[in-house]
Amino acid sequence: MLQMVAAGRGVAALPRWLVAEYAGMMAIFPVRLGPHGIAKQIFLGVHDSDQGVDYLSAFVELARTITPGPA
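Calculation notes
- Residues numbered from 1 in each chain as written.
- Predicted model: local features only at pLDDT ≥ 70, side-chain atom pairs only at ≥ 80, totals over all residues.
- Heavy atoms only, no water.
- Helix = DSSP H or I, 4+ residues; strand = E, 2+ residues; numbered from the N terminus.
- Salt bridge = Lys/Arg side-chain N within 4 Å of Asp/Glu carboxyl O.
- Patch = residues over 30% accessible without salt bridge, like charges linked within 9 Å, V, L, I, M, F, W, Y side chains within 5 Å.
- Areas by Shrake-Rupley, 256 points an atom, 1.4 Å probe, with all protein chains shown as cover.
- Buried < 20%, exposed > 50% of the residue type's maximum accessible area, 1.4 Å probe, protein only.

### Some words on the environment of Ala-23
Inference 1: Considering the arrangement of structural elements, one finds Ala-23 in helix α2 (residues 16–23).
Inference 2: In the structure, Ala-23 is positioned 40 residues away from Ala-63 in sequence and 23 Å away in space, judged by C-alpha atoms.

### Points about the pattern of salt bridges
Pairs can form between side chains of opposite charge whenever their charged atoms are close.
Inference 1: Under the criterion given, the structure shown has 1 salt bridge.
Inference 2: The partner of Arg-64 in a salt bridge is Glu-61, and the shortest N-O contact between them spans 3.8 Å. Within this pair, Arg-64 and its partner Glu-61 are both found in helix α3 (residues 54–65), separated by 3 residues, close to a single helical turn.

### Concerning a nonpolar patch on the surface
Inference 1: Together, Ile-42, Leu-44 and Phe-59 line one region of the surface with nonpolar side chains, adding up to about 360 Å² of accessible area.
Inference 2: Residue placement: Leu-44 occurs in the loop between α2 and α3.

### Quick notes on the environment of Val-53
Inference 1: Position of Val-53 relative to the elements: it lies in the loop between α2 and α3.
Inference 2: Looking at Val-53, the relative accessible area reads 24%, which means it is partly exposed.
Inference 3: Sequence spacing of Val-53 and Gly-34 is 19 residues, and the spatial spacing of their C-alpha atoms is 40 Å.

And the structure:
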């Protein structure tokens, strides 16, 4: 998808952090949609049987601690 945008063949609505990560490698740049951007939320859930799985627990903890950067 990012390659299509960089080639001028489309647009994409993506998180700013993702665009920033690839902006140095591709001819892409972030553009805010509307004056305040788009509000969004992500909800995570884990089955009871998976609560002891280390990589899932680490992912959920990482998601809890990351705060978004400036818009």
